[in-house]
Amino acid sequence: MSQSSHTHHTSDASSGTAAQTTGKTPNRWLILAGGVLVQLALGGVYAWSTFSRAFVAPDAALNLTKVQAAIPFELCIGMIFIGAFLGGRLQDKKGPRIVALVGVVLYSIGILLSSFAREPGQLWLLILGYGLISGFGLGLAYIVPVAMLQKWFPDKAGLITGLAVGGFGFGAVITSPVAQRLIEANPSEPAAPFLPLGIAYLVLGLLGAFTFANPPKGYRPPSMAPASTTAATSADATTKPAATQDFTQAQALRTPQWYMLTAILALSVTAGISLISVAASAASDISSYSAAAAASLVGFMGLFNGAGRILWGWISDRIGKMPAFVGILAIQGIALIILPHAGSVLIFGVLAAVIYTCYGGGFGTMPSTAGKFFGMTNAGGIYGLMLVGWSIGGVAGPLIASWLIGSSSYTTAFTVIGVLALVGAVIPFLTKSPRRPEVTGSQV
């Protein structure tokens, strides 16, 4: 057995999966519920637009510019990748519970710290708290249920990881209206609501994370029949295929498939977030939504972001991972090209819902795809690295959209990004499952 495999199995035992320490296998549906709770708490980060709007209001004590108000959120999204990279590696070695607990605590501490940014010149508190500390904690905790739940639900990995990250999508839907009411109670100090929200995130996140555990070695869910050993024992030794193992992180990075999957995720994020970043203004400028109606549309679209993660995760289990990604990219591309010509309020809303659904679908489908391609043993570390695609798309999409809208028009911006998504839809056709590395004699 390789040193990395030895470390993995040893740490699994020491991390204390309930099945190994008590002899009883925990309820995997309870662990799923815990994962959704954690993601709901983490997903509150997408309610930032509610706060940024309040921070630039004339009666806010901080009185930030639009550029200043964007800095904490941009830093937070950038830190997610760093946290997910480390969290993925750590949970593969130390077990899921401790990593998720640390991530939730750091995320909540950052939110709580942000609540004290109430005077002019205290933008640094938002940058440190919301941007750096919360962003890092978010990434640390986000990756854990995504990797862990695939081990508990190999029979429906796409649907289950879609449900887990769907909680992240729904987090802002719940948080935004609550935050708005709290802000309206004291508009001069819009950061003050971070105090009760941070406490709520901490409670929900800890409750969810305490349920986390890896399944026992060799676990198979009730819906999957035990693996038959008859064929293996009766097969002729000369025709028996070589034994294979799951990819290590280093081995995954040496395959073209890892880069192709990361590119698919980055392109999907670029397409979807190009609309998300300007949704309210686009609705008003293209389809004459009122300011209030545009704000309501943005909040309502969060439901499609969350639902898309579940829907496309389920679809990918039925039609296959690569066909699902063809649909996610192609449908986003077509909808973006049509969107600038949607003079009707209804048509704009439908197209936006389609784009949000596909955007969420990329996050719901990619974790199980990575697990299928590279195996479960190091799933956290491998997918954690792939989230660099989230950071790339999260920066590229808004930059391209704002630049092209400002220098030309919505038609140019969304057409260019739509064509980019359509071209990207070719990548899944070229992406085949990598051949698993063979077990060498020293590893048997």
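Quantities reported herein were computed from a predicted structural model and do not represent experimental measurements.

Undergrad: What is the right way to read the overall build of the chain from this model?
TA: Each helix and strand in the chain was counted, giving 20 helices and zero strands. For the chain, with 444 residues in total, the buried portion stands at 52%. Restricting to contacts in the chain with at least 6 residues of sequence separation, those with at least 24 account for 85%. Accessible surface, the chain: about 18,100 Å² in total, of which carbon and sulfur atoms supply 69%.

Undergrad: Sorry, what's going on with unusual backbone geometry here?
TA: For residues other than glycine, phi is negative in most cases, and the peptide bonds are mostly trans. A positive phi angle is found at N63, which is not glycine, with a value near 50°. Note that N63 resides in the loop between α4 (48–55) and α5 (66–94). One non-glycine residue, S288, lies in the positive phi region at around 60°. If you trace the backbone, S288 turns up in the loop between α13 (279–287) and α14 (291–319).

Undergrad: Where do I start with the side chain of Q332 in this structure?
TA: You can see Q332 is positioned in helix α15 (residues 321–338). Overall, the relative accessible area of 0% leaves Q332 in the buried class. The residues touching Q332, leaving out its near neighbours within four places in the chain, are S268, A271, G272, G327, I355, C358 and Y359.

Undergrad: Mind showing me how you'd approach the confidence of the model for the chain here?
TA: Where the model shows low pLDDT, its predicted coordinates should not be examined in detail. With 89% of its residues at a pLDDT of 70 or more, the chain shows a mean pLDDT of 84. For the chain, the element scoring lowest by mean pLDDT is helix α10 (residues 230–234), at 40; α15 scores highest, at 97. Overall, residues 1–22 carries pLDDT values under 50, and its contacts beyond four positions in sequence, including any with other chains, amount to 34 contacts.

Undergrad: Where do I start with the nonpolar core in this structure?
TA: Burial of nonpolar side chains together is a common tendency in soluble globular proteins. Ranked by internal contacts, the top residues of the largest apolar core, which has 85 residues, are F55, L126, L138, Y142, F194, Y383 and W390. Here this core takes 14 residues from helix α7 (residues 123–152), the largest share from any one element. Other than its neighbours up to four places away in sequence, Y383 contacts I143, V146, F363, M366, P367 and A370. Among the nonpolar cores identified, the runner-up in size contains 29 residues, and A283, I355, L404 and I405 belong to it.

Undergrad: What am I meant to see in the packing of α7 against helix α17 (residues 379–386) here?
TA: A packed helix pair is summarised by two numbers, namely the angle formed by the two axes and the spacing between the axes. Contact geometry for α7 and α17: axes closest at 9 Å, N-to-C directions at 130°. Considered as vectors, α7 and α17 are oriented oblique to each other. Where α7 crosses over α17, the two elements pack in a sense that is right-handed. Across from I143, V146 and A147 in α7, the residues of α17 making contact are A379, G380, Y383 and G384. Taken together, the residues of the contact of α7 with α17 sort by class into five nonpolar, two polar and no charged.

Undergrad: What exactly am I supposed to notice about the packing of helix α3 (residues 28–43) against helix α9 (residues 194–209) here?
TA: The contact between α3 and α9 brings their axes to 7 Å, and the two run at 155°. By the angle between their directions, the pair α3 and α9 is classed as roughly antiparallel. Seen along the crossing, α3 lies across α9 with a hand that is left-handed. Contacts from G34, L37, V38 and A41 in α3 reach Y201, L204, G205, L207, G208 and A209 in α9. The residue inventory of the contact of α3 with α9, partitioned by class, reads seven nonpolar, three polar and no charged.

Undergrad: Help me out: how do you make sense of the pattern of salt bridges in this one?
TA: With the rule as written, the count across this model stands at five salt bridges. Among the salt bridges present, the one from D155 reaches R28, with a minimum N-O distance of 3.2 Å. Of this pair, D155 sits in the loop between α7 and α8 (157–185) while R28 is found in helix α3, placing the two residues 127 residues apart along the sequence. Classification of D155 as partly exposed rests on a relative accessible area of 26%. A relative accessible area of 9% places R28 in the buried class. One salt bridge connects K156 with D155, and the closest N-O pair in it is separated by 3.0 Å. On the accessibility criterion, K156 (23% relative accessible area) is partly exposed. A single network of salt bridges, built from pairs that share partners, joins R28, D155 and K156.

Undergrad: Just to check I follow, could you spell out the layout of surface pockets for this structure?
TA: Remark: the empty space left among the atoms is shown by a probe the size of a water molecule rolled over them. As a volume, the largest pocket reaches approximately 1,700 Å³. As for the largest pocket, its lining consists of 47 residues, and the residues nearest its centre are S49, S52, I276, S277 and V278. Secondary structure elements with two or more residues in the lining of the largest pocket: α4, α5, α8, α12 (256–276), α13, α14, α16 (345–374) and α18 (388–407). Broken down by element, the lining of the largest pocket gets its largest block of residues, nine residues, from α14. Classifying every residue of the lining of the largest pocket by side-chain character gives 30 nonpolar, 14 polar and three charged.

About the criteria used
- Residues numbered from 1 in each chain as written.
- Predicted model: local features only at pLDDT ≥ 70, side-chain atom pairs only at ≥ 80, totals over all residues.
- Heavy atoms only, no water.
- Helix = DSSP H or I, 4+ residues; strand = E, 2+ residues; numbered from the N terminus.
- Buried < 20%, exposed > 50% of the residue type's maximum accessible area, 1.4 Å probe, protein only.
- Contact = heavy atoms within 4.5 Å.
- Areas by Shrake-Rupley, 256 points an atom, 1.4 Å probe, with all protein chains shown as cover.
- pLDDT = per-residue confidence, 0-100.
- Core = buried A, V, L, I, M, F, W, Y, C linked by side-chain atoms within 4.5 Å.
- Axes fitted to C-alpha atoms, helices over the stretch in contact; angles between N-to-C directions.
- Parallel < 35°, antiparallel > 145°, perpendicular 65-115°, else oblique.
- Left-handed = near helix turned anticlockwise from the far one by under 90°.
- Nonpolar A, V, L, I, M, F, W, Y, C, P; charged D, E, K, R; others polar.
- Salt bridge = Lys/Arg side-chain N within 4 Å of Asp/Glu carboxyl O.
- 1 Å grid on protein atoms, 1.4 Å probe; cavity = no way out; pocket = protein on both sides within 12 Å on 5 of 7 lines; lining within 4 Å.
- Points joined across faces, edges and corners; volume = space filled by probe spheres on them.

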